[in-house]
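Each chain is listed here by its residues.
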Amino acid sequence: MHHGLDKYHLLILDDLCYAQKDQAETSVLFELIAARYERRSLIVTANRPFGEWTSVFPDTAMTLAAGDRLVHHSSIFEMNVESYRRKAATARSPRKPRAASDTDSDTSTA
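Along each chain, the written sequence defines residue order, and numbers are assigned to residues from 1. This being a predicted model, a pLDDT of at least 70 is required before a residue's local features are given, and a value of 80 or more before pairs of side-chain atoms are given or counted; all residues contribute to the totals for chains, interfaces and linings. Where side-chain values are given, they derive from all heavy atoms of the structure, hydrogens and water being excluded.

Chemist: If you had to explain the overall build of the chain to someone new, which residues and values would you point to?
Modeler: On a plain count of helices and strands, the chain comes out with three helices and two strands. Counting from the N terminus, the helices are the DSSP runs of H or I reaching at least four residues and the strands are the DSSP runs of E reaching at least two. Reading the chain from its N end, one meets helices and strands in the order β-α-β-α-α. The buried label applies to any residue whose accessible area, calculated with a 1.4 Å probe on protein chains only, is under 20% of its type's maximum; exposed applies above 50%, and partly exposed to all values in between. Counting every position in the chain, which comprises 110 residues, the buried fraction comes to 18%. The contact criterion used is simple: two residues touch if any of their non-hydrogen atoms lie within 4.5 Å. Taking the intrachain contacts of the chain between residues at least 6 apart in sequence as the baseline, contacts between residues at least 24 apart amount to 80%. The Shrake-Rupley method, run with a 1.4 Å probe sphere, supplies the accessible areas, and residue values consider only the shown protein chains as cover. Within the structure as shown, the chain displays about 8,900 Å² of accessible surface, and the carbon and sulfur contribution to it stands at 54%.

Chemist: Give a description of a nonpolar patch on the surface that names residues and reports values.
Modeler: Exposure above 30% relative accessible area and the absence of a salt bridge qualify a residue for a patch, where like charges join within 9 Å and nonpolar side chains (Val, Leu, Ile, Met, Phe, Trp, Tyr) within 5 Å. A pair is scored as a salt bridge if a Lys or Arg side-chain nitrogen falls within 4 Å of a carboxyl oxygen belonging to Asp or Glu. Taken together, the side chains of Leu-10, Ile-12 and Ile-43 make up a nonpolar region of the molecular surface, amounting to roughly 270 Å² of accessible area. Relative to the helices and strands, Ile-12 is located in strand β1 (residues 10–13).

Chemist: Could you give an account of the nonpolar core, naming the residues involved and the relevant values?
Modeler: Counting residues in hydrophobic clusters, the biggest one holds 14 residues, and the most contacted among them are Leu-16, Leu-29, Ile-33, Trp-53 and Phe-57. For this core, the element with the highest residue contribution is helix α1 (residues 23–36), accounting for four residues. Buried residues of nine kinds, namely Ala, Val, Leu, Ile, Met, Phe, Trp, Tyr and Cys, make up a nonpolar core once their side-chain atoms join them within 4.5 Å.

Chemist: So what's going on with the pairing of β1? Which residues, and what values?
Modeler: Only one face of β1 is covered, namely the one carrying Leu-11 and Leu-13; the face carrying Leu-10 and Ile-12 has none of its residues buried. Note that β1 and strand β2 (residues 41–44) share four bridges and pair parallel. The residue of β2 that forms the bridge with Leu-10 is Ser-41. With its strands directed away from the observer, a crossover is right-handed exactly when the path from the first strand over the helix to the second travels clockwise. With respect to chirality, the unit in which β1 leads through α1 into the neighbouring parallel β2 is right-handed. What makes two strands pair is DSSP finding at least two bridges between them.

Chemist: Before we move on, can you summarise the packing of aromatic side chains with the specific residues and values?
Modeler: Stacked, tilted and edge-to-face are the three classes assigned to paired rings of Phe, Tyr and Trp, where Trp is represented by its six-membered ring and a pair needs centres within 6.5 Å; plane angles under 30 degrees give stacked, over 60 edge-to-face, the rest tilted. Per the stated rule, a full pass over the model turns up one aromatic pair. For the ring pair Phe-50 and Trp-53, a centre distance of 4.8 Å and an interplane angle of 50 degrees mean the geometry is tilted.

Chemist: How would you explain the packing of α1 against helix α2 (residues 60–71) if you had to name every residue and give the values?
Modeler: At their nearest, the axes of α1 and α2 sit 10 Å apart, and the two run at 25 degrees to each other. If you check the angle between α1 and α2, you find them roughly parallel. Between α1 and α2 the crossing geometry is left-handed. When α1 is examined against α2, the residues Gln-23, Thr-26, Ser-27, Phe-30, Ile-33 and Ala-34 are found in contact with a partner set consisting of Met-62, Ala-65, Ala-66, Arg-69 and Leu-70. Residue composition of the contact of α1 with α2, by class: seven nonpolar, three polar and one charged. The axes are straight lines fitted to the C-alpha atoms, using for helices just the contacting stretch, and the angles between their N-to-C directions are given from 0 to 180°. Angles are sorted into four bins: roughly parallel if under 35 degrees, roughly antiparallel if over 145, roughly perpendicular if 65 to 115, and oblique for all others. By definition, any crossing whose near helix is turned counterclockwise from its far helix by less than a right angle is left-handed, and any crossing with a clockwise turn is right-handed. Under the grouping applied here, Gly and all other residues not named as nonpolar or charged are polar, the nonpolar ones being Ala, Val, Leu, Ile, Met, Phe, Trp, Tyr, Cys and Pro and the charged ones Asp, Glu, Lys and Arg.

This is how it looks when you write it as structure tokens:
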């Protein structure tokens, strides 16, 4: 089914858990993972740990089977760091001006 993708030694599936998948999408994804299992390389990035993938995919059994194939013979890198995209966006956004009541100075007179 995925013969066209078979010519690539490495496929990268980025942000796999970004959006919930329907049954048809999950089936195609599982077929892709199964077809590449022990034959070709696959890099998968996800913003959720494996334990939460069942909330993204509608078929729990298929999700577990895909996860099993993905972790077998794999190296898993868990990155618990701030998103570089969010960090860059925060750096670009203008700061809100502070209200007078937010200042730290004590200007009370007696």
